[in-house]
Amino acid sequence: MTAVSDARLLEVRDLSRRFGGGRTLFGVKKPQLTAVGALSLDLQKGETLGIVGESGCGKSTLARLLVGLDRPSAGTIRLDGEDLAAAGRRAVAAKVQYVFQDPVSSLNPRHTIRAILEAPMRHLLGLGKAERARRLDQLIEDVNLRPEFLERYPHEFSGGQAQRIGIARALAADPDVVVLDEPVSALDVSVQAQVLNLLERLKRERGLTYVFISHDLAVVESVSTRVAVMYFGALVETAPARAIFAAPRHPYTRLLIDSAQIPGRQRAPKSGGSGELPDPYNPPPGCAFAPRCSRAEEICGEAMPGLEARSGDSQHHVACFNPIPLAAHS
Ligand SMILES: Nc1ncnc2c1ncn2[C@@H]1O[C@H](COP(=O)(O)OP(=O)(O)O)[C@@H](O)[C@H]1O
Ligand code: SF4
Ligand SMILES: [Mg+2]
């Protein structure tokens, strides 16, 4: 355990996850891609860290690594000072839980809601029957579901109800951190607001810390205290939410904000198919955004910019050799 004064719950250092690679039986080299590349990040207790980026930029891969469902190819994740890889699945699951995009398919179709919600209490917390029943009642009430729902099966629920069950399942183990990967993206807009309000209330009541992942900048803006912008497997800008929306410094963040605000167009930045992100099997040298960047300079095609504070603000980090000057926003 770290000292009490250290409010960092998660400490991610140089985290990478590559897929493919190696050789076939016949010695032919298999193609390899880097879904997450040398990514570093801290999660502070009590914050909602929004992670935003286009489809395919590596958000879900990062989410799976953070909750221990996948192992990194390189780098470390420390949870409360302890190495995640050494801690074991069960110990991690007792502290870090997750909610995924597709609520219905993420629930076991053959189990009742009662069985689904009791499993973490039984397996992660080792609670007895009476205590489980007590917590179950509270949990169901907390996520605005009716007690009779406990005896039903996942397919009997709407998307919004199923996502509330998914949230209840994540909270059943009483975690410190919840990683939410596109938790409202599959829901109707009217239902999205209900679920976001519920998440906000639960966070307050239970003193939770969130990692909130979405491709939808407007959703991220509405929930986050701090924002990390992800592009092609790397973080390109991190800052307190207000600062990043008021004065984005990375040209990619600027692009996201601009495309989210064009009236009459859908808010979500469209990935526009495969043409926009570089080919992951054949990444460009230097800055991955260079082929799309109007601020690119010679060095951008040669070296990879690190994520650093490039102005007086120590909370605002940007991975860019030629960031948008602060003066451009005043
Ligand atoms: N299991 C896998 N095997 C091979 N490639 C994968 C796998 N999972 C993800 N990828 C690739 O990694 C990249 C990032 O994917 P993902 O993390 O799902 O992005 P996002 O959640 O931002 O849409 C994509 O190019 C995707 O095709
Ligand atoms: S490093 Fe260069 S190419 Fe990359 S975003 Fe900054 S200015 Fe553009
Ligand atoms: Mg995803």
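Residues numbered from 1 in each chain as written. Chains lettered and ligands numbered in written order. Predicted model: local features only at pLDDT ≥ 70, side-chain atom pairs only at ≥ 80, totals over all residues. Heavy atoms only, no water.

(A) Molecular detail of the packing of aromatic side chains. Summed over the entire model, instances satisfying the criterion amount to five aromatic pairs. For the ring pair F149 and F157, a centre distance of 5.1 Å and an interplane angle of 70° mean the geometry is edge-to-face. Each member of the pair, F149 together with F157, is buried. Where Y252 meets F289, the ring centres are 5.4 Å apart and the plane angle is 65°; that geometry is what we call edge-to-face. Here the residue Y252 occupies a position in helix α10 (residues 251–261), and F289 occupies one in the loop between α10 and β11 (308–309), the gap between them amounting to 37 residues. F289 matches Y252 in its accessibility class, with the two residues each being buried. Three or more aromatic residues joined by ring pairs form one cluster here, namely Y231, Y252 and F289. (Phe/Tyr/Trp six-rings, centres within 6.5 Å; stacked < 30°, edge-to-face > 60°. Buried < 20%, exposed > 50% of the residue type's maximum accessible area, 1.4 Å probe, protein only. Helix = DSSP H or I, 4+ residues; strand = E, 2+ residues; numbered from the N terminus.)

(B) Summary view of the site of ligand 2. Surrounding ligand 2, one finds 13 residues, the nearest of these being C287, C293, C300, C320 and F321. The residue makeup of the shell around ligand 2, split by class, is 10 nonpolar, two polar and one charged. (Near = heavy atom within 4 Å. Nonpolar A, V, L, I, M, F, W, Y, C, P; charged D, E, K, R; others polar.)

(C) Region of the structure containing the site of ligand 1. What surrounds ligand 1 is the set F19, L33, A35, E54, S55, G56, C57, G58, K59, S60 and T61. K59 has a polar side-chain atom sitting 2.9 Å from an oxygen atom of ligand 1. Between T61 and ligand 1, the recorded distance is 2.6 Å, taken from a side-chain N or O atom to an oxygen atom. When the free accessible area of ligand 1 is taken as 560 Å², the share hidden by the protein chains comes to 60%. For the shell around ligand 1, the elements supplying multiple residues, two or more each, are β2 (32–44) and α1 (59–66). Among the elements that line the shell around ligand 1, the one with the most residues is α1, at three residues. Across the shell around ligand 1, the residue classes break down as four nonpolar, five polar and two charged. (Polar contact = N/O pair within 3.5 Å; in protein donor to acceptor, adjacent residues only side chain to side chain. Areas by Shrake-Rupley, 256 points an atom, 1.4 Å probe, with all protein chains shown as cover.)

(D) Here's a closer look at the domain arrangement of the protein chain. Looking at the protein chain, the domain boundaries give domain 1 (8–95 + 175–276) and domain 2 (106–173). Taken together, the two surfaces of domain 1 and domain 2 that pack against each other cover about 1300 Å², and 66% of this comes from carbon and sulfur. Counting the surface domain 1 buries against domain 2, the share from its top three residues, P175, L198 and R206, is 33%. Where domain 1 packs against domain 2, one counts one salt bridge. Of the charged contacts, one joins D142 and R206 as a salt bridge, the two residues approaching to 2.9 Å between their closest N and O atoms. (Domains from an automatic or database assignment. Buried area = accessible area lost by both parts, 1.4 Å probe. Salt bridge = Lys/Arg side-chain N within 4 Å of Asp/Glu carboxyl O.)

(E) Layout of the nonpolar core. In this structure, L117, I167 and V178 are the most contacted members of the largest nonpolar core, which totals 37 residues. Mapped by element, the contributors of at least two residues to this core are α4 (113–123), α5 (129–142), α6 (159–172), β7 (177–181), α7 (189–206), β8 (209–214) and α8 (217–223). Looking at this core element by element, the count peaks at seven residues for α6. Residues from two domains meet in this core; each of domain 1 (8–95 + 175–276) and domain 2 (106–173) gives at least three. Excluding residues that lie within four positions of it along the chain, I167 makes contacts with V99, V143, V195, L198, L199 and L202. With 28 residues, the next largest nonpolar core counts L15, I51, L84 and A228 among its residues. (Core = buried A, V, L, I, M, F, W, Y, C linked by side-chain atoms within 4.5 Å. Contact = heavy atoms within 4.5 Å.)

(F) Focus on the sheet that holds strand β4 (residues 74–79). The four strands lie next to each other as β2-β1-β4-β5, forming an open sheet whose pairing is antiparallel. Looking at which strands have only one partner, the edges of the open sheet turn out to be β2 and β5 (82–83). Pairing of strand β1 (residues 8–20) with β4, which is carried by five bridges, proceeds in the antiparallel orientation. Among the inter-strand pairings, E11 is bridged to a residue of β4, identified as R78. (Pairing = 2+ DSSP bridges.)

(G) Just the pattern of salt bridges, in detail. All chains considered together, the criterion is met by 18 salt bridges. Between R135 and E131 there is a salt bridge, with its nearest N and O atoms 3.3 Å apart. Here E131 and R135 lie together in helix α5, a separation of four residues that amounts to about one turn. According to the relative accessible area criterion, E131 is partly exposed, its value standing at 28%. Counted as one network, the salt bridges with shared partners bring together R8, E11, R13 and D42.

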